[in-house]
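Chain residues, written in single-letter form:
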Amino acid sequence: EDMLGIKSILSPDTAPPHSEKLTIVVAGVGRIGSALWRILGEYYNVIPLDPQEGYAVPDHIEDVDHLHIAFPFSDIFEKQVVSWIKRLNPTCTIIHSMVKPGTTRRIISKLEVESGLRIEDNVVHSPIMGRHPFLTEHMATFIKLVGGVSKPATTIASEILKKVGFTVMAMDSCDESEWAMLL
């Protein structure tokens with residue numbers, strides 16, 4: 001820990017030997033984020049991000065390959081996600097949180113307006129299905145719905161999740177994956 005009590009983060013050079021050299025960030029290390037961290041950590045070097053829990057953004061991070069959003073929905077959720085995406089510049093962002101319908105589209109719209117770039121192929125929604133006290137062990141038995149604004153976004157995120165052992169069901173849109181959690 002540093003003098004502020006922030007837990008140190010592994011260097012990208014210390015990735016597990018069986019992993020690809022990708023920079024993966026899991027934002028939120030509660031029940032869902034911790035489970036994702038463990039699962040993804042079997043394949044990649046994962047950097048946890050949760051300032052409230054003492055996991056700050058390391059200085060050496062510039063461009064992130066995948067950003068996994070796993071913190072709870074709140075009134076400032078969209079603002080937080082937009083801020084992290086702008087700060088980390090991921091090639092793919094997967095929102096695992098249960099959100100209100102329309103959230104993923106609003107996040108994409110805000111990013112596109114602020115950056116002037118086309119972002120729709122980079123952000124998807126993929127909620128965690130079910131609740132379980134042994135979430136890490138049983139997450140692989142849950143089907144991961146994946147919905148983006150574009151088919152390429154859904155395909156890319158689906159492949160990322162399949163690669164680490166998830167069973168994936170591609171949805172036609174993020175609207176479907178967001179509504180599915182409420183039904």
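Since the model is a prediction, treat every value here as computed from it, not as a measurement.

About the thresholds
- Residues numbered from 1 in each chain as written.
- Predicted model: local features only at pLDDT ≥ 70, side-chain atom pairs only at ≥ 80, totals over all residues.
- Heavy atoms only, no water.
- Phe/Tyr/Trp six-rings, centres within 6.5 Å; stacked < 30°, edge-to-face > 60°.
- Buried < 20%, exposed > 50% of the residue type's maximum accessible area, 1.4 Å probe, protein only.
- Lys NZ or Arg CZ within 6 Å of the ring centre and 35° of its normal.
- Salt bridge = Lys/Arg side-chain N within 4 Å of Asp/Glu carboxyl O.
- Helix = DSSP H or I, 4+ residues; strand = E, 2+ residues; numbered from the N terminus.
- Pairing = 2+ DSSP bridges.
- Axes fitted to C-alpha atoms, helices over the stretch in contact; angles between N-to-C directions.
- Contact = heavy atoms within 4.5 Å.
- Polar contact = N/O pair within 3.5 Å; in protein donor to acceptor, adjacent residues only side chain to side chain.

### A word on the packing of aromatic side chains
In total, this model carries three aromatic pairs according to the counting rule given. Between Phe 73 and Phe 77, the ring centres sit 5.4 Å apart and the planes meet at 40°, which makes this aromatic pair tilted. Given the relative accessible area of 27%, Phe 73 is considered partly exposed. The class for Phe 77 is buried, based on a relative accessible area of 0%. Cluster of aromatic residues (ring-pair linked, three or more members): Phe 71, Phe 73 and Phe 77. It is Lys 144 that lies over the ring of Phe 166; its NZ or CZ is 6.0 Å from the centre.

### A look at the pattern of salt bridges
Taken as a whole and judged by the stated rule, the model has five salt bridges. Here Arg 106 ties to Glu 78 by a salt bridge, and the two come within 2.8 Å at their closest N and O atoms. Here the residue Arg 106 occupies a position in helix α3 (residues 103-115), and Glu 78 occupies one in helix α2 (residues 77-88), the gap between them amounting to 28 residues. Note on Arg 106: relative accessible area 35%, which makes it partly exposed. With a shortest N-O distance of 3.6 Å, Lys 162 and Glu 159 are connected by a salt bridge. Here Lys 162 and its partner Glu 159 are both found in helix α5 (residues 151-163), three residues apart, which amounts to about one turn of the helix.

### Quick notes on the sheet that holds strand β1 (residues 23-27)
Across the sheet, seven strands lie side by side as β2-β1-β3-β4-β5-β6-β7; this open sheet has mixed pairing. At either margin of the open sheet sits one strand with a lone partner, and together these are β2 (45-49) and β7 (167-170). For this sheet the average axis-to-axis angle between neighbouring strands, irrespective of direction, equals 25°. By the bridge criterion, four bridges tie strand β3 (residues 66-69) to strand β4 (residues 92-95) in an arrangement that is parallel. Following the sheet pairing, His 66 is matched in β4 by Cys 92.

### Things to note about the environment of Ile 107
Among the secondary structure elements, Ile 107 is positioned in helix α3. Taking the C-alpha atoms as reference points, Ile 107 and Ile 85, separated by 22 residues in sequence, lie 9.7 Å from one another. Contacts of Ile 107, omitting those with residues within four sequence positions, involve Phe 77, Glu 78, Val 81, Val 82, Ile 85 and Ile 95.

### Quick look at the side chain of Glu 78
On the basis of relative accessible area, Glu 78 is assigned to the buried category, the value being 12%. Within the structure, Glu 78 has its side chain in polar contact with the side chain of Lys 110 (distance 2.8 Å).

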